[in-house]
Amino acid sequence: MRFDYVADRRTKVKTLLKGHDVSKALLAKVKYRGGHILVNGVEQNAIYLLNEGDVVTINIPDEKGFEKLEAVSYPLDIVYEDDHFLILNKPVGFASIPSAIHSNTIANFVKAYYLEKDYPNKQVHIVTRLDRDTSGLMLFAKHGYAHARLDKQLQKRSIEKRYYALVAGQGQLPDEGEILAPIGRSKDSIITRTVDPMGKYAKTTYKVVVRYPENVHLVDIKLHTGRTHQIRVHFSHIGFPLLGDDLYGGRTDLGISRQALHCHFLSFYNPFTEKESIYTINLTDDFDKVILDLAKK
């Protein structure tokens, strides 16, 4: 894969490329795995001194992918795709990555899709994960360089994800709020998380979209950190667990059999188009059915 950059001052090749998120590891891959660095069409090394206006080209070798990741064919609901990124509408019931208890995962499906399309880069790079029973937008980078560039945005928390959730509890849920509560592992479980003063910093903000009978609320949630089960833990902590989330005390008698959580909004800066990219997706059928049933009451 080829990328071109123009020097805006007298500087070394590696300094120019560092400004475009080309890491030392990627430069090593270019050097030792069949890639090239060209300056005005002539092959040079990373310490070559550039003049203003010089054109630097890097040719990054293709990625073969992880052999241990099995390709599993499954129809994908693709929201957006270009040479660098893939955005899916993730269905309920599939984990993001393989584990000891999950083998048919979104990563397996994407690997099969890359093979079917015969893409030059076959390694699966997940940028934003979702829990097994959370639906909605999921972002992939289609090569390591794209992943590295979005990792910078993840570190700066400039990739925005918003979720719809149906929550229910006792008392009054304010129209909007901020939940600041550190999250750690539960002492008696390797799966569940809990609010723990010794846990990691976690911040969630929300706005109530609609209030329904049975003290159910549709809330629009923004994550400011990315802790495991963060939304589920935070809303359980304030006494309004998600519908269907029996792991954290949510009601299971209102017609939804999984945590009522859906990533409906995703935005990030596309460094290749140099534009802000914004994507949205509608609610799932099981979400809509619960809302319709509650509205009838």
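Up top you'll find the structure we're talking about.
The rules behind each value
Residues numbered from 1 in each chain as written. Predicted model: local features only at pLDDT ≥ 70, side-chain atom pairs only at ≥ 80, totals over all residues. Heavy atoms only, no water. Helix = DSSP H or I, 4+ residues; strand = E, 2+ residues; numbered from the N terminus. Buried < 20%, exposed > 50% of the residue type's maximum accessible area, 1.4 Å probe, protein only. Contact = heavy atoms within 4.5 Å. Areas by Shrake-Rupley, 256 points an atom, 1.4 Å probe, with all protein chains shown as cover. Lys, Arg positive; Asp, Glu negative; His and termini not counted. Charge placed at Lys NZ, Arg CZ, Asp CG, Glu CD. Patch = residues over 30% accessible without salt bridge, like charges linked within 9 Å, V, L, I, M, F, W, Y side chains within 5 Å. Salt bridge = Lys/Arg side-chain N within 4 Å of Asp/Glu carboxyl O. Arc of directions from axis to C-beta. Pairing = 2+ DSSP bridges. Polar contact = N/O pair within 3.5 Å; in protein donor to acceptor, adjacent residues only side chain to side chain.

Colleague: Would you mind showing me how to read the overall build of the protein chain here?
Modeller: A tally of regular secondary structure across the protein chain gives six helices and 18 strands. Looking at the protein chain as a whole, 48% of its 297 residues qualify as buried. Expressed as a percentage of contacts within the protein chain between residues at least 6 apart in sequence, the contacts between residues at least 24 apart total 64%. Accessible area for the protein chain stands at about 15600 Å²; split by element, carbon and sulfur atoms hold 49% of it. When the 41 basic and 36 acidic side-chain charges of the protein chain are each reduced to a single mean position, those positions are 6 Å apart.

Colleague: I'm lost on a nonpolar patch on the surface in this one. Help?
Modeller: Taken together, Ile190, Ile191 and Leu247 make up a surface patch of nonpolar side chains, about 320 Å² in accessible area. In this fold, Ile191 is placed in the loop between strand S13 (183-185) and strand S14 (193-195).

Colleague: Could you clarify how one ought to interpret the pattern of salt bridges in this entry?
Modeller: Opposite charge on two side chains makes pairing possible when the charged atoms of those side chains draw close. Enumeration according to the criterion identifies 17 salt bridges in this entry. Across the pair Arg162 and Asp220 runs a salt bridge whose closest N-O atoms are separated by 3.3 Å. Placement of Arg162 in strand S11 (residues 160-168) and of Asp220 in strand S16 (residues 216-223) is noted, with a sequence separation of 58 residues between them. On the accessibility criterion, Arg162 (22% relative accessible area) is partly exposed. Accessibility expressed as a relative area gives 16% for Asp220, which makes it buried. For Arg232, the salt bridge identified is with Asp245, shortest N-O distance 2.8 Å. Highlighted residues: Arg232 in helix H5 (residues 230-237) and Asp245 in the loop between H5 and strand S17 (261-270), separated in sequence by 13 residues. Accessibility assignment for this pair places Arg232 and Asp245 in one class, buried.

Colleague: How should I be thinking about H5 in this particular structure?
Modeller: Because an α-helix packs 3.6 residues into every turn, residues spaced three or four apart end up facing the same way. Taking burial as the measure, the eight residues of H5 include six buried ones, the bulk of the element. Within the span of H5, buried status applies to Gln230, Ile231, Arg232, Val233, His234 and Phe235. Of the residues flanking the end of H5, it is Gly239, one or two places downstream, whose phi is positive at about 90°.

Colleague: Explanation requested: helix H2 (residues 24-32) in the structure shown.
Modeller: Considered for burial, the residues of H2 that qualify are Leu26, Leu27, Lys29 and Val30. The arc that holds every buried residue of H2, seen down its axis, measures 155°, which confines them to one face. Opposite the buried face of H2, at more than 90 degrees from it, the exposed residues are Lys24, Ala25, Lys31 and Tyr32. Buried residues along H2 sit in contact with helix H1 (13-18), strand S3 (36-39), strand S6 (55-59) and helix H4 (144-155).

Colleague: Where do I start with the sheet that holds strand S1 (residues 2-6) in this structure?
Modeller: Remark on secondary structure: sheet strands pair via backbone hydrogen bonds, oriented parallel or antiparallel. Overall, antiparallel pairing links the four strands, which are arranged S1-S6-S3-S4 in an open sheet. The sheet terminates laterally at S1 and strand S4 (42-43), the two strands that pair on one side only. Bridge count between S3 and S6: four bridges; the pairing is antiparallel. Paired with Leu38 across the bridge in S6 is Thr57.

Colleague: Explain the environment of Thr205 here, please?
Modeller: By the secondary structure assignment, Thr205 is in strand S15 (residues 203-212). Given a relative accessible area of 19%, Thr205 falls into the buried group. Here the alpha-carbon distance between Thr205 and Arg162, two residues 43 residues apart in the chain, equals 9.7 Å. Non-local contacts of Thr205, meaning those with residues more than four positions away in its chain, are made with Gly177, Glu178, Asp220, Ile221, Lys222 and His224. At a separation of 2.8 Å, a polar atom in the side chain of Thr205 contacts the side chain of His224.

Colleague: What exactly am I supposed to notice about a positive patch on the surface here?
Modeller: Taken together, the side chains of Lys12, Lys14, Lys18, Lys24, Lys152 and Lys156 define a basic patch exposed on the protein surface. Along the chain, Lys12 turns up in strand S2 (residues 11-12).

Colleague: Please explain the pairing of strand S18 (residues 275-280) as it appears in this structure.
Modeller: Along any regular strand, the residues point their side chains to alternate faces of the sheet. Of the strand pairs in this sheet, S17 and S18 are connected by six bridges, and their pairing is antiparallel. The residue bridging Ser267 from the neighbouring strand is Ile278, located in S18. The turn joining S17 and S18, which pair antiparallel and follow one another in sequence, is formed by four residues; a positive phi near 60° is taken by Glu274.

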